[in-house]
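# Summary of the model geometry
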Amino acid sequence: MPIDAFTDHACLIVSGPDQQGLVAAVTALVARHGGNIVSLDQHSTDPVGGDFFQRVVFHREGLAVQLDDIRADVDRTLAPFEMSWVLRDISIPKRMAILATTDDHCLLDLLWRHRRGALPVEIPMVLSNHTTTAEDVTSFGVPFVHVPSQKGPDKSESEAAILAHLAEAKVDFVVLARYMQILSQDFLEKVGVPVINIHHSFLPAFIGANPYQKAKDRGVKLIGATAHYVTQDLDEGPIIEQDVVRVTHADSVPELRRRGADVERAVLSRAVLWHAQDRVLRHGNHTIVF
């Protein structure tokens, strides 16, 4: 849906200890500011001593003018409950940077969906350690930035360059579209925004090079993909989305790669969409996805 369809719409995310009166407090708050709730999702890990998560989308004419007053009221209302919250005007799209390399299937899929209006984000730039996708990226009207990777374990210079570009673009989150470089803990601490990655679900069973050949040799019956938030623990961050397809002994390695790429595109696009819509709430090392 085009982002302008959400003019005068806000999204309120609430999380914290579950307790009596939370839902009533939030809905009453929206009502006293003249808002109309159009979507409400919530989850409690346990009604007694558990954690509570809620996503509320509401419409309010002239939202931009009233937003500061509503935020102040949210703060006053939820302070006694000791809840964390975020209130966002969803007619303003999040700014998403993409890090890519030579594998272009996830990158081009995101750019295509964005051009069709299927991803409610702005893409200020694509950064890549190779120039092979530069022409394709610019054909979508998106700036392309080449930041070569350093050889050896020390990536500090290239990571510093990437961080500088991301800071200048004021991005809200970063997507690794099959970016085959391991990001350091220092980078993740300094980037200051969520980072989403996509990988084949063979990990950790089939790590390293040629995972589809290894899967073929093992005779797997399922292949798939996982989208997750990046943490300092390699490929162990909170999972956002996963999917699989069945394969057989008759499928060649190139066919496994082709089908795997299809799953990767679909899984990553869903994860990016849900993150952009504030549907993904992190809870420890897993997520609640509304």
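Structure shown above.
Presented here is an overview of the structure given in this document. (Residues numbered from 1 in each chain as written. Predicted model: local features only at pLDDT ≥ 70, side-chain atom pairs only at ≥ 80, totals over all residues. Heavy atoms only, no water.)

### Quick word on the layout of surface pockets
Approximately 290 Å³ is the volume found for the second largest pocket. For the second largest pocket, the lining is made up of 14 residues, of which Ile13, Val86, Asp278, Val280 and Leu281 are closest to its centre. For the lining of the second largest pocket, the elements supplying multiple residues, two or more each, are strand 1 (9–17), strand 4 (84–89) and strand 13 (280–283). Looking at side-chain class alone, the lining of the second largest pocket contains seven nonpolar, three polar and four charged residues. (1 Å grid on protein atoms, 1.4 Å probe; cavity = no way out; pocket = protein on both sides within 12 Å on 5 of 7 lines; lining within 4 Å. Points joined across faces, edges and corners; volume = space filled by probe spheres on them. Helix = DSSP H or I, 4+ residues; strand = E, 2+ residues; numbered from the N terminus. Nonpolar A, V, L, I, M, F, W, Y, C, P; charged D, E, K, R; others polar.)

### Some thoughts on the packing of helix 7 (residues 211–218) against helix 8 (residues 253–276)
The N-to-C vectors of helix 7 and helix 8 enclose an angle of 115 degrees; their axes lie 9 Å apart at closest approach. In this structure, helix 7 crosses over helix 8, and the sense of that crossing is right-handed. Seen from helix 7, the contacting residues are Tyr212, Gln213 and Lys216; seen from helix 8, they are Val253, Leu256, Arg257, Gly260, Ala261 and Glu264. Here the residues of the contact of helix 7 with helix 8 sort into four nonpolar, two polar and three charged. (Axes fitted to C-alpha atoms, helices over the stretch in contact; angles between N-to-C directions. Left-handed = near helix turned anticlockwise from the far one by under 90°. Contact = heavy atoms within 4.5 Å.)

### Description of the sheet that holds strand 4
Backbone-to-backbone hydrogen bonds pair the strands of a sheet. The strands run either parallel or antiparallel. An order of 2-3-1-4 is seen for the four strands of this open sheet, with the pairing classed as antiparallel. Two strands in the sheet have a free side with no partner beyond their single neighbour: strand 2 (36–44) and strand 4. Here the average twist between neighbouring strands, direction ignored, is 10 degrees. Bridge count for strand 1 against strand 3 (residues 51–59) is nine bridges, and the pairing is antiparallel. If you follow Cys11 over to strand 3, its bridge partner there is Val57. Contacts between helix 2 (residues 63–78) and the sheet are confined to strand 1, strand 3 and strand 4, with strand 4 contributing the most and set at about 175 degrees to the helix. (Pairing = 2+ DSSP bridges.)

### Here we look at the pairing of strand 11 (residues 222–229)
Most of strand 11 sits out of view: seven of its eight residues are buried. Relative to strand 11, strand 10 (residues 195–200) runs antiparallel, the two sharing five bridges. Counted as the bridge partner of Ile196 is Tyr229 from strand 11. Both strand 11 and strand 12 (residues 239–246) contribute to a ladder of seven bridges, which runs antiparallel. Within the sheet, the bridge partner assigned to Thr226 lies in strand 12 and is Gln242. (Buried < 20%, exposed > 50% of the residue type's maximum accessible area, 1.4 Å probe, protein only.)

Keep in mind that these numbers describe shape and distance, not what the molecule does.
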